[in-house]
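Commentary on secondary and tertiary structure
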Amino acid sequence: MVRKLKRIKDKFPEIPESAEMKKIIFHSILSYLSKQNGHVSKMEIKDILFDSISLIPGFRVEWGEIQKFGRSKLLVNYKDKVLVLDLEEISSMILKLWDHYLDTHPHHKPHK
């Protein structure tokens, strides 16, 4: 007798909730930057983006191979779909905003 395995439906919706994704990413970045007393590197920003996207329920995240996808590419898997996400532009923008904040709020500059 041959049995077919029942495919278990996961609890995640077909389309992830965008408000929840934004909240997780936004709060992760704010939490990280609020603990910094000076400049951060672009790689630190990329790492925090990687970590925060990994916190989104149902998402599996890994760095894409440079030879196949290029630099700064994340592979984000949700259900049976994969998104190639380029972190270069968003990490540069966050870095510019953070540097501007440091320039306009001297109490956050590193102490010498």
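Computed from a predicted structure; not experimentally measured. (Residues numbered from 1 in each chain as written. Predicted model: local features only at pLDDT ≥ 70, side-chain atom pairs only at ≥ 80, totals over all residues. Heavy atoms only, no water.)

A few words on the pattern of salt bridges. By the definition in use, this model includes six salt bridges. With a closest N to O distance of 3.8 Å, Glu14 and Lys81 form a salt bridge. Taken together, the residues span a long stretch of sequence, with Glu14 in the segment before helix H1 (18-34) and Lys81 in strand S3 (residues 81-86) at a distance of 67 residues. Owing to a relative accessible area of 53%, Glu14 belongs among the exposed residues under this scheme. Taking the relative accessible area as the measure of exposure, Lys81 reaches 46% and is therefore partly exposed. The salt bridge involving Lys73 is made with Asp86; its shortest N-O contact spans 3.4 Å. In this pair, Lys73 sits in strand S2 (residues 73-78) while Asp86 sits in strand S3, placing the two residues 13 residues apart along the sequence. By relative accessible area, Lys73 is classed as buried at 17%. For Asp86, a relative accessible area of 38% gives the class partly exposed. Each of the salt bridges in this network shares a partner with another, and the network as a whole consists of Glu14, Lys79 and Lys81. (Salt bridge = Lys/Arg side-chain N within 4 Å of Asp/Glu carboxyl O. Helix = DSSP H or I, 4+ residues; strand = E, 2+ residues; numbered from the N terminus. Buried < 20%, exposed > 50% of the residue type's maximum accessible area, 1.4 Å probe, protein only.)

Turning to the packing of aromatic side chains, a few remarks are in order. Applying the stated criterion across every chain, the model contains four aromatic pairs. A centroid spacing of 5.6 Å and a plane angle of 15 degrees characterise the contact between Phe50 and Trp63, whose relative ring orientation is stacked. With Phe50 in helix H2 (residues 42-54) and Trp63 in strand S1 (residues 59-63), this pair connects stretches of sequence that are 13 residues apart. Aromatic ring contacts, followed pair by pair, group Phe12, Phe59 and Tyr78 into a single cluster. (Phe/Tyr/Trp six-rings, centres within 6.5 Å; stacked < 30°, edge-to-face > 60°.)

Further remarks concern the environment of His27. Looking at the element boundaries, His27 is found in helix H1. When the C-alpha positions of His27 and Ser52 are compared, they lie 8.6 Å apart, and in sequence the two are 25 residues distant.

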